[in-house]
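Coordinates in review
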Amino acid sequence: MSDRPVVLYDGVCGFCNSAVQFLLRIDRRGELRFAALQSDFAGGVIARHPELASMDSLVYVGNPETAAEYVAVRSDGALRVIAHAGRPWRWLHIAAVIPRPVRDRLYDGFAAIRYRVFGKLDTCPIPSPEVRARFLDQGDPAQSL
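Residues numbered from 1 in each chain as written. Predicted model: local features only at pLDDT ≥ 70, side-chain atom pairs only at ≥ 80, totals over all residues. Heavy atoms only, no water.

1. Focus: the overall build of the chain
- Within the chain, the secondary structure is distributed over 4 helices and 4 strands.
- By its C-alpha atoms, the chain is 40 × 35 × 35 Å across when sized along the principal axes.
- For the chain, the residues scored as buried account for 41% of the 145 residues in total.
- Across the chain, every contact between residues at least 6 apart in sequence was considered, and the portion connecting residues at least 24 apart equals 62%. (Helix = DSSP H or I, 4+ residues; strand = E, 2+ residues; numbered from the N terminus. Buried < 20%, exposed > 50% of the residue type's maximum accessible area, 1.4 Å probe, protein only. Contact = heavy atoms within 4.5 Å.)

If you want it as structure tokens, here you go:
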């Protein structure tokens, strides 16, 4: 397994899938990899980090599948993800100056309405051949992205 970070996301969330497509474009160095929360890979991460059992949103996994593995969730996870973005998007990292409780409240508020606004998919979409190598758990298309 590569030590490149992995972004876990809700594979049936319309917004989350669009966000992953956006990240694929702005991560110019190709550092991020992706796995749906519904995937076997995510299940392994959740088994190692039981505090994630009820998580249904973004999880940043640093040093995946190593003794140094760590996770960042909610706004901290989003800030870690944006650190991999190219310019001009990296300036969004300035949001780190906002206290975490405020950032997380905003994050949770958006997460609570994302299905109503952006819809919920029946299955996780299959990534295009050009980016498929950046996605983990490609076995069953209905289960993983």
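2. Comments concerning the nonpolar core
- Among the nonpolar cores identified, the biggest contains 23 residues, and Tyr-9, Phe-34, Val-81 and Phe-135 are the most heavily contacted of them.
- Taken together, the elements giving at least two residues each to this core come down to strand E1 (6–9), helix H1 (14–26), strand E2 (33–36) and helix H3 (74–82). (Core = buried A, V, L, I, M, F, W, Y, C linked by side-chain atoms within 4.5 Å.)

3. Remarks on the side chain of His-49
- Relative to the helices and strands, His-49 resides in the loop between helix H2 (40–48) and strand E3 (59–62).
- Setting aside residues up to four positions removed in sequence, His-49 forms contacts with Glu-69, Tyr-70 and Val-71.

4. As for the confidence of the model for the chain
- When the pLDDT values of the chain are averaged, the result is 86; 93% of them are 70 or greater.
- With pLDDT under 50 throughout, residues 139–145 is counted as low confidence; its partners more than four residues away or in other chains account for 25 contacts. (pLDDT = per-residue confidence, 0-100.)

5. Considering H2
- Phe-41, Ala-42 and Val-45 are the residues of H2 that are buried. End-on, the buried residues of H2 take up no more than an arc of 95 degrees, which puts them together on one face. The exposed set on the far side of H2, more than 90 degrees from its buried face, consists of Asp-40 and Ala-47.
- Elements in contact with the buried residues of H2: E1, E2, E3 and strand E4 (70–73). (Arc of directions from axis to C-beta.)

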